[in-house]
Each structure stands twice: as structure tokens, then as C-alpha cells.
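Structural description and commentary
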Amino acid sequence: MHNVIYESLSRQDKALCLLRDLLEEEYNCLIGRDTDGVVSLEFSIQELIRHLALEKTFVIKRLGGMRVAEYAGMLPDDLAASLLETLCRIDVSEQGVARQASRNTTLSLALLDQSSRTLQALTSQAMPPKAETYGRRGGMRTQHPQAALISGRL
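This structure is a prediction, so every number in the text was calculated from the model and none was measured.

To continue, consider the overall build of the chain. Scanning the chain from terminus to terminus reveals 4 helices and 0 strands. Going from N to C terminus, the chain has its helices and strands arranged as α-α-α-α. For the chain, the proportion of its 154 residues judged to be buried stands at 27%. Relative to all contacts within the chain whose residues are 6 or more apart in sequence, the contacts with residues 24 or more apart total 67%. Accessible area of the chain: about 11,100 Å², with a carbon and sulfur share of 58%.

Structure representation (C-alpha cells):
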């Protein structure tokens, strides 16, 4: 059983390293505004995350809900050391992936905000003036009066 758990943890470690590399590549595509590259990487990232979740579920089921560190405590010292070392590498890799994912999220939201503001500015310049700008006599009013008494209305 130790070999099965160790192999699964080893696959998780390698998958997390690959995920971090894919996220870094996605970040570079976001900086370069390469939408096709981002979309293709996103599919790969989602599939890799799905596989990681399956591996984690496999280990949890195999250990019967017991934590890996607890399981390592029941093993001989040499086996426990290799298992705990792999577990430590997984933890470090997960933290790196989380940081990179956070950077990607921040950049993509900033690009979305920038694109939205640009679109709003272009739309406001292209839209015709509002219907309220025309007066009762058919002419276009350049300024709206602020006070009704000064313009002669009650």
C-alpha cells in the first residue's frame, strides 16, 4: 500500500509543478494579450486540475480518510521520511500554484476593467445625444437650465 500512496503523491507533486508552469505561461499570454493562447492553456489547466482532484480523492479513499502524515507515522522511518518529504514538496508546490493563480486573476480582472472602461468611453462617444436634449419647439438645446424660475417657468 505504501508504494501506491507514494506513487500517487509523486504524481501529484509533478502535476503541481506542471500546473505552476502552465499558469506562468498563461500569465505571459495575458501580458501579451494573446487570447487564443490563454483559451488553449485554460483548457489544459482545467483538465490538469481535474486529474489532481482525482489523485487526491484516490489517496483519501485508499487511506480511509486518514491524513498522510498520520499514515507516515505508522511506517518505518525510511519509508516515512520519503513520504513526508514528498508531502512537503506538494505543500510548497501548492503554495506556488496559489500565488501564481492569484497573480493571473489580478491581471485578468485588471484587463477586463480596462477593456470595459475603453468600451464605455467609445460607446458614449458613438451614441447620439439623449432625447431630453431637444426643446418643446423642436430645436436642440445645448444647455439645460438648472432653475425653473430663472428660465421663466413655474
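For helix α4 (residues 77-126), built from 50 residues, the straight-helix expectation of 74 Å at 1.5 Å per residue is met to within 8% by its first-to-last C-alpha distance of 73 Å. Against the buried residues of α4 lie α1 (2-31) and α3 (68-73).

Our next topic: the environment of Leu63. Checked against the element boundaries, Leu63 lands in the loop between α2 (35-62) and α3. According to the relative accessible area criterion, Leu63 is buried, its value standing at 6%. Sequence separation of Leu63 and Met1 is 62 residues, and the distance between their C-alpha atoms is 9.1 Å. The contact partners of Leu63, leaving out residues within four places of it in the chain, are Met1, Ile5, Val68 and Tyr71.

Another point: unusual backbone geometry. For Arg33, which is not a glycine, the phi torsion comes out positive at approximately 55 degrees. As for its position among the elements, Arg33 is in the loop between α1 and α2. Owing to a relative accessible area of 52%, Arg33 belongs among the exposed residues under this scheme.

As a further point, take the pattern of salt bridges. A full pass over the atoms with the stated rule returns 6 salt bridges. Where Arg89 meets Asp13, a salt bridge forms, and the shortest distance between an N and an O atom there is 3.0 Å. Of the two residues, Arg89 is situated in helix α4 and Asp13 in helix α1; the sequence distance between them amounts to 76 residues. When its relative accessible area of 32% is taken as the criterion, Arg89 is described as partly exposed. Across the pair Asp113 and Arg117 runs a salt bridge, and its minimum N-O distance is 3.3 Å. Note that Asp113 and Arg117 are positioned in helix α4 at a spacing of 4 residues, about one turn of the helix. Asp113 gets classed as partly exposed once you look at its relative accessible area, which sits at 38%. Put simply, Asp13, Glu85 and Arg89 are held in one network by salt bridges that share partners.

Criteria and thresholds
- Residues numbered from 1 in each chain as written.
- Predicted model: local features only at pLDDT ≥ 70, side-chain atom pairs only at ≥ 80, totals over all residues.
- Heavy atoms only, no water.
- Helix = DSSP H or I, 4+ residues; strand = E, 2+ residues; numbered from the N terminus.
- Buried < 20%, exposed > 50% of the residue type's maximum accessible area, 1.4 Å probe, protein only.
- Contact = heavy atoms within 4.5 Å.
- Areas by Shrake-Rupley, 256 points an atom, 1.4 Å probe, with all protein chains shown as cover.
- Expected span 1.5 Å × (residues − 1).
- Salt bridge = Lys/Arg side-chain N within 4 Å of Asp/Glu carboxyl O.

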